[in-house]
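# Structural characterization, general
So the chains spell out like this:
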Amino acid sequence: MKVILQADVSGQGKKGQIVNVSDGYARNYLLPRKLAVEANADAMNAIKNREAAMQRKRELEQEQARALASKLASMPVRVQKRAGDSGKLFGAVTAKEIAEALRAQHGCEVDHRKIDMPDAIKAYGTYELKVRLFPEITGTLYVTVTE
């Protein structure tokens, strides 16, 4: 019997997969526990519709990420920090501070975990940072640290 798994089942497959199992296993274990549904025409159409909707959503998110990546280069962010006599900052500029400054100055929402900072920013100057917006889409953000 062909069934569509509604949850991960060890030894059978992952959620959403169509697997072929014995009739007794399906009727006595999978179906009563709602771990699977029978793979009939309605269920197959529902899966196809769900996959098409997920694909459209992914394409929309990817397009939004591309648009944001092109806008980020023209949005320099200015962060003000205090420093000692030697010019070294008290502490460091964090990705969270950069994300908050970007939101305050340009109204653009970027998750601070997506800002790639190879080294901590501990001095005044202009820095070029990469922002991972989507798995294959990255943008460039220019951050200026001033007094």
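For clarity, every value in this text was computed on a predicted model and none was experimentally measured.

Calculation criteria
Each chain carries its own residue numbering, running from 1 in the direction its sequence is written. Two thresholds apply to this predicted model, a pLDDT of at least 70 for residue-level local features and 80 or more for giving and counting side-chain atom pairs, whereas whole-chain, interface and lining totals are computed over all residues. In computing side-chain properties, one takes all heavy atoms of the structure into account and sets aside hydrogens as well as water. Only DSSP runs of H or I with at least four residues qualify as helices, and only runs of E with at least two residues qualify as strands; both kinds are numbered from the N terminus onward. Throughout, exposure labels follow a simple rule: accessible area from a 1.4 Å probe, protein chains only, divided by the maximum for the residue type, with under 20% read as buried, over 50% as exposed, and the rest as partly exposed. The criterion used for residue contact is that any of the two residues' heavy atoms lie within 4.5 Å. The pairing criterion is simple: DSSP has to find at least two bridges between the two strands. Only the stretch in contact is used when fitting a helix axis, every axis being a line fitted to C-alpha atoms; angles between N-to-C directions are given from 0 to 180 degrees. Paired rings are identified among Phe, Tyr and Trp, the last through its six-membered ring, by centres lying within 6.5 Å, and are further divided according to the angle between planes into stacked (under 30 degrees), edge-to-face (over 60) and tilted (the rest). Note on definitions: salt bridges are taken to be side-chain nitrogens of Lys or Arg within 4 Å of carboxyl oxygens of Asp or Glu. Each nonpolar core is a collection of buried residues, namely Ala, Val, Leu, Ile, Met, Phe, Trp, Tyr and Cys, held together in the definition by side-chain atoms within 4.5 Å. What pLDDT expresses is the predictor's confidence in each residue, scored from 0 to 100.

## Side note on the environment of Arg103
Structurally, Arg103 is set in helix H3 (residues 95-106). A residue is classified by how much of its surface remains accessible, and Arg103, at 37% relative accessible area, is partly exposed. Not counting the four nearest positions on each side in its chain, Arg103 is found in contact with Cys108 and Glu109.

## Here's the deal with the sheet that holds strand E2 (residues 18-20)
Within a sheet, adjacent strands bond to each other through the backbone by hydrogen bonds, running parallel or antiparallel. Spatially, three strands are ordered E2-E1-E3 in an open sheet, and the strand pairing comes out antiparallel. Only two strands of the sheet have a single partner each, and these edge strands are E2 and strand E3 (36-38). Recorded for the sheet is a direction-independent mean angle of 40 degrees between the axes of neighbouring strands. Inspection of the sheet shows strand E1 (residues 2-5) paired to E2 by three bridges, in the antiparallel sense. Residue pairing across strands places Val3 opposite Val19, the latter belonging to E2.

## Notes on the packing of aromatic side chains
As enumerated under the stated definition, the model contains one aromatic pair in all. Where Tyr25 meets Tyr29, the ring centres are 5.4 Å apart and the plane angle is 15 degrees; that geometry is what we call stacked. Linking Tyr25 with Tyr29, this pair stays in helix H1 (residues 23-30), spanning four residues, or about one helical turn. According to the relative accessible area criterion, Tyr29 is partly exposed, its value standing at 32%.

## Brief notes about the sheet that holds strand E4 (residues 77-80)
Taken in spatial order, the four strands line up as E4-E9-E8-E6 in an open sheet, and their pairing is mixed. Every other strand in the sheet has two partners, leaving E4 and strand E6 (115-116) as the edge strands with one partner each. As judged from the nine bridges shared by strand E8 (residues 125-134) and strand E9 (residues 137-146), these two strands associate in the antiparallel manner. In the strand pairing of E9, Tyr127 is matched with Val143. Set on the sheet, H3 makes contact with E4, E6, E8 and E9; between it and E4 the angle comes to about 120 degrees.

## Quick notes on the pattern of salt bridges
Evaluated as defined, the whole model comprises four salt bridges. Note that Arg103 is salt-bridged to Glu109, the shortest N-O span being 2.9 Å. Arg132 is the partner of Asp116 in a salt bridge, and the nearest nitrogen-oxygen pair spans 4.0 Å. Highlighted residues: Asp116 in strand E6 and Arg132 in strand E8, separated in sequence by 16 residues.

## Here's the deal with the nonpolar core
Among the nonpolar cores identified, the biggest contains 27 residues, and Ile98, Leu102, Ile115 and Leu141 are the most heavily contacted of them. Only helix H2 (41-72), E4, strand E5 (88-93), H3, E8 and E9 provide two or more residues apiece to this core. When residues of this core are assigned to their parent elements, the largest contribution, five residues, is made by H3. Listed in part, the nine residues of the second largest apolar core include Val19, Val21, Leu30 and Leu35.

## Section: the confidence of the model for the protein
For the protein, the average pLDDT comes to 90, and 100% of its residues sit at 70 or higher. For the protein, the element scoring lowest by mean pLDDT is E5, at 84; H1 scores highest, at 94.

## Brief notes about the pairing of E1
The pairing of E1 with E3 spans three bridges and is antiparallel. Bridge assignment links Leu5 to a residue of E3, and that residue is Ala36.

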